[in-house]
Amino acid sequence: MRALGWIADRHREQGYLGCLQAAPYTLNGYCHMLAPKTLLFLAEVPRDVWPHGAEELRSASIAALRDKQVFRSLPKRSREFFDAVWPVPARERDGVRERYLAEHPPLEWGDKPGWLRFGFPLSYNSDALEALAALAAVGETRRAEYDAALEAVLSAADPEMRWTMRNSLNGKMIADVERKGEPSKWLTLRASSVLEHFA
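About the thresholds
Each chain carries its own residue numbering, running from 1 in the written order of its sequence. Where totals are concerned, whole chains, interfaces and linings use all residues; where local detail is concerned, this predicted model gives features only for residues with pLDDT of at least 70, and gives and counts side-chain atom pairs only at 80 or more. Here the side-chain values reflect all heavy atoms present in the structure, with hydrogen atoms and water set aside. Numbered from the N terminus, helices here are DSSP runs of H or I no shorter than four residues, and strands are runs of E no shorter than two. Burial here depends on accessible area, computed with a 1.4 Å probe over protein chains only, as a share of the maximum for the residue type. Under 20% is buried, over 50% is exposed, and the range in between is partly exposed. By convention, a stacked pair of Phe, Tyr or Trp rings (six-membered ring in the case of Trp) has centres within 6.5 Å and planes under 30 degrees apart, an edge-to-face pair has planes over 60 apart, and any other such pair is tilted. A ring is considered to have a charge above it if a Lys NZ or an Arg CZ atom is located within 6 Å of its centre and within 35 degrees of its normal. To estimate the expected span of a helix, count its residues, drop one, and scale the result by 1.5 Å. This arc describes the spread of directions from the helix axis toward the C-beta atoms. Whether two residues are in contact is decided by their heavy atoms, any of which lying within 4.5 Å being enough. Here a polar contact is recorded for every N or O atom pair within 3.5 Å, except that within protein the pair must consist of a potential hydrogen donor and a potential acceptor, and residues adjacent in sequence are included only if both atoms are side-chain atoms. Among the buried residues, those of types Ala, Val, Leu, Ile, Met, Phe, Trp, Tyr and Cys that are joined through side-chain atoms within 4.5 Å form a nonpolar core.

*Asks:* Explain the environment of Phe-81 to me, and be specific about the residues and the numbers.
*Replies:* You can see Phe-81 is positioned in helix α4 (residues 78–85). Given a relative accessible area of 0%, Phe-81 falls into the buried group. Between the C-alpha atoms of Phe-81 and Arg-97, which are 16 residues apart in sequence, the distance is 8.1 Å.

*Asks:* I'd like to hear about the packing of aromatic side chains, residue by residue, with values.
*Replies:* Overall, the coordinates contain 4 aromatic pairs when judged by the stated rule. Seen from their ring centres, Phe-81 and Tyr-100 are 5.2 Å apart, and the 70° between their planes marks the pair as edge-to-face. Here Tyr-100 lies in helix α5 (residues 96–103) and Phe-81 lies in helix α4, a separation of 19 residues in the sequence. The burial state of Phe-81 is the same as that of Tyr-100; both residues are buried. When the centroid spacing of 5.8 Å and the interplanar angle of 65° are considered together, the rings of Tyr-146 and Phe-198 count as edge-to-face. Of the two residues, Tyr-146 is situated in the loop between α6 (128–137) and α7 (147–155) and Phe-198 in the segment after α8 (185–197); the sequence distance between them amounts to 52 residues. An aromatic cluster is present here, built from Phe-81, Phe-82 and Tyr-100 joined pairwise through their rings. The ring of Trp-109 has Lys-68 sitting right over it, with the charged end atom 4.3 Å from the ring centre.

*Asks:* Lay out the environment of Gly-139 with the relevant residues and their values.
*Replies:* Among the structural elements, Gly-139 can be located in the loop between α6 and α7. In the structure, Gly-139 is positioned 58 residues away from His-197 in sequence and 9.2 Å away in space, judged by C-alpha atoms.

*Asks:* Got a sec to walk through unusual backbone geometry? Specific residues and values, please.
*Replies:* The amide bond that connects Phe-120 to the next residue, Pro-121, takes the cis arrangement and shows omega of -10°. Note that Pro-121 resides in the loop between β2 (109–110) and α6. The backbone phi angle of Met-161 is positive, close to 60°, even though this residue is not glycine. Examined against the element boundaries, Met-161 turns out to sit in the loop between α7 and β3 (163–164). Taking relative accessible area as the criterion, Met-161 reaches 41% and is therefore assigned partly exposed. The backbone of Glu-178 shows a phi angle near 55°, a positive value even though the residue is not glycine. Tracing the backbone through its elements, the reader meets Glu-178 in the loop between β3 and β4 (183–184). The exposure class of Glu-178 is partly exposed, given its relative accessible area of 26%.

*Asks:* Describe in detail α8, supporting the description with residues and values.
*Replies:* Given a rise of 1.5 Å per residue, 13 residues ought to cover 18 Å, and the 18 Å separating the end C-alpha atoms of α8 matches this to within 8%. Every buried residue belonging to α8 is among Leu-187, Thr-188, Arg-190, Ala-191 and Val-194, and all of these are buried. One side of α8 holds all its buried residues, which, seen down the axis, span an arc of 165°. Turned more than 90 degrees away from the buried face of α8, the exposed residues are Lys-185, Leu-189 and Glu-196. As for α8, its buried residues are in contact with α6, α7, β3 and β4. Capping of α8 at its N-terminal end is provided by Ser-184; its side-chain oxygen lies 3.3 Å from the backbone amide nitrogen of Trp-186.

*Asks:* Describe the side chain of Thr-188, listing the residues and the values that go with them.
*Replies:* Within the fold, Thr-188 resides in helix α8. On the accessibility criterion, Thr-188 (17% relative accessible area) is buried.

*Asks:* Can you explain the nonpolar core? Please cite residues and give values.
*Replies:* Leu-39, Val-70, Leu-132, Leu-135, Tyr-146 and Phe-198 are the most contacted members of the largest nonpolar core, which totals 39 residues. Of all elements in the fold, only α2 (34–44), α3 (54–67), α6, α7 and α8 reach the threshold of two or more residues within this core. Not counting residues up to four positions away in its chain, the partners in contact with Leu-132 are Val-70, Tyr-146, Ala-149, Leu-150, Val-153, Val-194 and Phe-198.

Set out below in structure tokens:
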């Protein structure tokens, strides 16, 4: 409860999803990877004991995923922006993002490629399948904004409706979990559950 309260307080203080001081260094203005992880955390705590601010945190996390169709969160000019912001001394970076956005056309968004290579378990980064599972875990129902991600999940199945592990932390943990490049029971369970929930 205290940990969830701390996260909710940080969200309220910052006004965006993200680590402290993250917004000036990203065109997104928030951390997209944080949205599914926050929802997974919220799903583990009974809603009737959520601390102050948890509902707003849930809404912000869902809105971030909806707004970017779950996995279309990579600004196409990210590299250009990084090249503009990193040479600026840290103490002078306030406002660089706002000036960049004011001087350029509206942002176009591209797919976040890593989010379409499904894996289990995942570390700090997420993927479209985990994000959909997080949305389902907090009771979201199907919306048009989720259709592209659901189609990406469905199209990743083999003819036997199994999902292959494309992203793996094997070799970085105490024990390996299945084999990269082979059908995964864990991914198949997660994908099947997600597709059933949003059917």
